[in-house]
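Below, each chain spelled out in residue letters.
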Protein chains: 2
Amino acid sequence: MAVIESYAGKINRKLNKKLRIIDVAAGREKADLVLKNATYVNVFSNELCHDDIAVAEGLIVGMGQYDGIVEVDVSDQIVLPGFLDAHIHLESSLVSPTEFAKAVLPHGTTTVITDPHEITNVMGTDGIDYMLQATEDLPVDVRFMLPSCVPSTPLDESGAILDYRAIDSFYDHPRVQGLAEMMNSYGVIHNDKEVVSKIVAAQAHHKKIDGHAPGLQGNKLNAYIAAGVYSDHECCDLDDAIAKLQRGQFIMIRDGTAARNLEALAPLLCDKYVERCMFCTDDKHPNDLLEKGHIDYIVKKAISLGVDPIIAIKAACHNAARYFLLNNRGAIAPGYLADFVIIDDFRSFNIQQVYKKGVLMCDHGVLTDFPAPEIEEYLSKRAHDTFRLKHLTAEDFRDARPRGVIGMVPNEIVTTDAGYSDHIDAEQDILKIAVIERHRNTHHIGLGYIKNYGLKRGAVATSISHDSHNIIVVGTNEEDMAYAANRVVELNGGIIVAEGERSTAEVPLAIAGIMSDEPLVVVNEKLEDAKEKAFTAGVSRGVDPFMTLSFMALNVIPTLRITTRGVFDVVSQQYV
Amino acid sequence: MAVIESYAGKINRKLNKKLRIIDVAAGREKADLVLKNATYVNVFSNELCHDDIAVAEGLIVGMGQYDGIVEVDVSDQIVLPGFLDAHIHLESSLVSPTEFAKAVLPHGTTTVITDPHEITNVMGTDGIDYMLQATEDLPVDVRFMLPSCVPSTPLDESGAILDYRAIDSFYDHPRVQGLAEMMNSYGVIHNDKEVVSKIVAAQAHHKKIDGHAPGLQGNKLNAYIAAGVYSDHECCDLDDAIAKLQRGQFIMIRDGTAARNLEALAPLLCDKYVERCMFCTDDKHPNDLLEKGHIDYIVKKAISLGVDPIIAIKAACHNAARYFLLNNRGAIAPGYLADFVIIDDFRSFNIQQVYKKGVLMCDHGVLTDFPAPEIEEYLSKRAHDTFRLKHLTAEDFRDARPRGVIGMVPNEIVTTDAGYSDHIDAEQDILKIAVIERHRNTHHIGLGYIKNYGLKRGAVATSISHDSHNIIVVGTNEEDMAYAANRVVELNGGIIVAEGERSTAEVPLAIAGIMSDEPLVVVNEKLEDAKEKAFTAGVSRGVDPFMTLSFMALNVIPTLRITTRGVFDVVSQQYV
């Protein structure tokens, strides 16, 4: 915890550190670290430069001829600034922020801007506080954009309803950069006062406001931007991106697990446009993080698509830093954070070392260990106790009325309207689906049917269901559905594959029901095992058994969705 | 004066305005102003775009098809964002900020960043307050960088001595952007705690710190930048500029009255470097403002030197705005201030109209009148009463001891060491020079001699003498010197050309002794008349009779200078 100090004390403390920095920069004192004979990317002059790079007090102090207490010869390598992810929901990794940091540091990520939208939908502002505490002093600097849409829509039954007043005090936190993706573009454009107030308040705090407006055009786009939305990460094609860029929005080129836009948007990575572009992932699931990497993967892919490496690097570090007013990172220059990524060359792009604030955090894949931040007991308990619902029985899922059938589309999150059904018919691939409200013990259970999921035996349940994270369960019979849902609750959250009222696979997600307390590799193994069990139980191999399911409750994407109040037609805005 | 309102009230007030902006942007309501059929510079996509530009509540709300309450067809013209001067001392115009605004608006300037260094050397923090009040709500938005070096050197006898604590509370003012040019680079590099504290405090307020370090190189430059200095406007050649840019400094390309660096630095205005470059003037004297213009003159000159017009425009508006975190100006896009400059074409570059926040302020050279801001009585009186010294007599200037002779160099501000003298010899062009302390009635009068000024009769006195603005007087006899100095005091400041103990010309500068209360045209006429009278009295035509004189007390430029304590050798740091 920070010591309470006077303003004069604060200045004196900073002065003391600054005097040492100046001494080292001027060559009067040895540097803490010198990267000798460095070839480095200069994001200001847009070229490779050659010099020693001197570090003191965690900052770069100079490029030139320097002696250091520690000297590392980096001839024949290339030194890059640490990478930034401009927009991610950390919860998507399914692990704690500490485990996330361990996963991305070897990939050169030293700063991420997270929107704790998922946990906040479960825990309200306690979710923001939890994530702030869980990321304090991590060797990946985690900055926050405050969730703008909790709940995502008025139809959601989430764990909290946050207006501008509810999140306002967070703007004073030194790691809060602004208001996260304003998904309710309709509300903005049509002057929903509660929605616009959130933007106004963020502006009053001189903070950034990120956008989320796929395909928005013309005067509507003008209205959305004029309201004060400064960026977009939802551009799927070049025309969309250029229209937004021309109107002053920064473009976050997204390439994550669920959505991959780099190939379509790579033409932005040229002299004419790059100043307004940066990279983000939005979400990164465990196996994607482990197998492909993070921002480094986007840079590599961009270079392989023919993008000038210097431009790709700029988009991976400097441009996001400037956008978020993190003006002391994203470049190799005096006064900047000593966050370095050292690679062999641009073609192979093997990351050999990663430094955070001058400390070697990853050496040829071997991570320097670091402790998890302490989280106060109240918050930790609160995060591990987020299920408020009674024991469920098969009776809760039985129902004779005809209900809408959601038509799942392989590899997509859109659905079709597949008619009605009044009973499960696994042979015809008509399964029962339910969403169970789990935040306020309302016993609201929305029932419906789903086609094309493929399950032939048992049930699958998950407490990851966007964006309210109620329990979603699909089954071939009500007994297994009840078992799987109850088991999710017993674990304080998780993913369950069940058959004969026993689990065949379990992925515990005890932090707010959406993240695990275990390391990424363990979570990934359990998850891959659970997927395999789900496939064995019949789930179509073209479907991600849990991710696709987790979108079935997201009542903003056409056509049919399942909510805590039944099957909902997004197009007609009616329950069916 | 602003009404005191609650936070909720502030949000509601801003919300109300925002809802109207959204209504207009979405096309549901007519715009206040539409520039129809505009061709405009898009600083994001770096091209000319074509559309209507709609304005509401002083902001641009959209580009597209719009109807307006007022519609102005701007076909066959080019619409540019309003220009910014990234660094100027407003006092250099010799007029009040209101008169300055009237002079620069027709040239398309809509924002200036001023360093009130001159008036603060006279009035201390009251000088900053005076300038803040004198610029409130002007149609040229005046933003402030706080003077970092008052006095300029420990040898100066200025009107105030300001440490970091003295200026600290100004960082909370909404128009203060940071700490102005840190001229004491030696102090920074050599860890002068008082100097470095100022930088540390500015950083603690998340503010910008401008630099001033001509020719600084290598590890010293690293130390200066690592200390936290983000820009430089003193680059005279390309190598100097690129060395600073490579280390992360923003380069303010200066082209003003006293120093003109555009030609040398024009090669920076290309894709590779422009993102880090902007324009400034540093100082603009009356005739230069009237005859050449302001930032528009730099843009025109850059284009004539072969710079891409879009790049020149970006440096003239957008880049300075981003550097100073004035993120709602310097571009034509939704949410940006409706500050427009409308020109005929890039070749002739005739400014036809200038809009500030959507209001037509200048139409084909005809200015829309506006009131001068009210200044509280205390400050106004204080500004007009800054001379604290006794009546002077010829005896005060008589002296038989040998004193150093300052060798003036035509068209330069450097001087030579021209030996010693113990008497005036106008035939040999050896004149007496004196600096009279005028802030604290110390009766400190520094005496010396000067060569190459050329005066043959009478005396010349001025209360503009950098940076402390004591009275400087040159004469062929002590009686006229005393008369001229006393006359400066009687006028509460000004420039006097005298002969036979009568003024032949007077330029009253009653605001702190460095600015006039009269309009720019009047001041310019008086000044030109005084120059002519000075030339008639013998001053060499290669010398600016008052500007050159005003630098003779600036004890940081080699070789000899006159101070309130005598002739000073800047090189040996000794009085001679």
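That block above? That's the structure.
Residues numbered from 1 in each chain as written. Chains lettered and ligands numbered in written order. Predicted model: local features only at pLDDT ≥ 70, side-chain atom pairs only at ≥ 80, totals over all residues. Heavy atoms only, no water.

Here we take up helix H1 (residues 7–25) of chain B. Residue and element names in this part refer to chain B. Across its 19 residues, H1 extends 26 Å between first and last C-alpha, which sits within 8% of the 27 Å expected from 1.5 Å per residue. Of the positions making up H1, those classed as buried are Ile11, Leu15, Lys18, Leu19, Arg20, Ile21, Ile22, Asp23, Val24 and Ala25. Of the residues flanking the end of H1, it is Gly27, one or two places downstream, whose phi is positive at about 85 degrees. (Helix = DSSP H or I, 4+ residues; strand = E, 2+ residues; numbered from the N terminus. Expected span 1.5 Å × (residues − 1). Buried < 20%, exposed > 50% of the residue type's maximum accessible area, 1.4 Å probe, protein only.)

Each aromatic ring pair is summarised here by two numbers: the centre-to-centre distance and the angle between the ring planes. In total, this model carries twelve aromatic pairs over all chains according to the counting rule given. Each ring, one from Phe340 of chain B and one from Tyr355 of chain B, has its centre 6.1 Å from the other, and the planes form 75 degrees; the classification is edge-to-face. Here Phe340 of chain B is found in strand S14 (residues 340–343), whereas its partner Tyr355 of chain B is found in strand S15 (residues 351–356), with 15 residues between them in sequence. Note on Tyr355 of chain B: relative accessible area 3%, which makes it buried. Put simply, the rings of Phe250, Tyr323 and Phe324 of chain A pair up and form one aromatic cluster. In this structure, Arg276 of chain A packs its charged tip against the face of Phe250 of chain A, placed 3.7 Å from the ring centre. (Phe/Tyr/Trp six-rings, centres within 6.5 Å; stacked < 30°, edge-to-face > 60°. Lys NZ or Arg CZ within 6 Å of the ring centre and 35° of its normal.)

This part takes up the pairing of strand S26 (residues 560–563) of chain B. When a strand is regular, its side chains alternate between the sheet's two faces. Residue and element names in this part refer to chain B. Side chains Leu560 and Ile562 project from S26 onto one buried face, and the interleaved Arg561 and Thr563 project onto a second face that is buried too. Here S26 runs beside strand S27 (residues 566–569); their pairing, made up of four bridges, is antiparallel. Among the inter-strand pairings, Ile562 is bridged to a residue of S27, identified as Val567. Connecting S26 to the next strand, S27, in antiparallel fashion are two residues. (Pairing = 2+ DSSP bridges.)

Once that is clear, we can look at a negative patch on the surface. On the surface, a cluster of negative charge is contributed by Asp271 and Asp308 of chain A together with Asp271 and Asp308 of chain B. Mapping Asp308 of chain A onto the fold places it in the loop between helix H12 (295–304) and helix H13 (309–316). (Patch = residues over 30% accessible without salt bridge, like charges linked within 9 Å, V, L, I, M, F, W, Y side chains within 5 Å. Areas by Shrake-Rupley, 256 points an atom, 1.4 Å probe, with all protein chains shown as cover. Salt bridge = Lys/Arg side-chain N within 4 Å of Asp/Glu carboxyl O. Lys, Arg positive; Asp, Glu negative; His and termini not counted. Charge placed at Lys NZ, Arg CZ, Asp CG, Glu CD.)

Here the focus is the relation of the copies chain B and chain A. Structural alignment of chain B on chain A gives an RMSD of 0.0 Å, achieved by rotating through 180 degrees and translating 0.0 Å along the axis. With respect to symmetry, the two chain copies, as superposed, fit the operation of a two-fold axis. The C-alpha atom lying nearest the rotation axis in chain B is that of Asp271 of chain B; the distance is 3.4 Å. Interface residue correspondence from chain B to chain A reaches 100%, placing this contact among same-surface, isologous pairings. (Least-squares fit on C-alpha atoms with pLDDT ≥ 70 in both. Contact = heavy atoms within 4.5 Å.)

Residue and element names in this part refer to chain B. As for its position among the elements, Ser93 is in the loop between strand S6 (83–88) and helix H2 (97–104). Assessed through its relative accessible area of 1%, Ser93 is described here as buried. When sequence neighbours within four positions are dropped, the list of residues in contact with Ser93 reads Phe100, Lys284, Pro286, Leu289 and Leu520.

As a further point, take the sheet that holds strand S11 (residues 231–232) of chain B. All names here are of chain B. Spatially, three strands are ordered S11-S12-S13 in an open sheet, and the strand pairing comes out parallel. Each end of this open sheet is capped by a strand with a single partner; those strands are S11 and strand S13 (277–280). Inspection of the sheet shows S11 paired to strand S12 (residues 250–254) by two bridges, in the parallel sense. Residue pairing for S12: Asp232 is matched across the bridge by Ile251.

Attention shifts here to the pattern of salt bridges. All chains considered together, the criterion is met by 87 salt bridges over all chains. Notably, a salt bridge pairs Glu5 of chain A with Arg13 of chain A, separated by 2.5 Å at the nearest N-O pair. Note that Glu528 of chain B and Lys531 of chain B form a salt bridge whose closest N and O atoms lie 3.2 Å from each other. With Glu528 of chain B and Lys531 of chain B both in helix H17 (residues 520–536), this residue pair falls three residues apart, about one helical turn.

Now for unusual backbone geometry. Cis geometry is found at the peptide bond from Val150 of chain A to Pro151 of chain A, where omega equals 0 degrees. Of note, Pro151 of chain A is situated in the loop between strand S8 (141–146) and helix H5 (164–168). Positive phi is not limited to glycine here, since Asp137 of chain A has a value of about 65 degrees. Within the secondary structure, Asp137 of chain A is located in the loop between helix H4 (125–134) and S8. With phi around 55 degrees, Asn37 of chain B is a residue other than glycine that occupies positive phi space. Checked against the element boundaries, Asn37 of chain B lands in strand S1 (residues 31–42). Judged by its relative accessible area of 42%, Asn37 of chain B falls in the partly exposed class.

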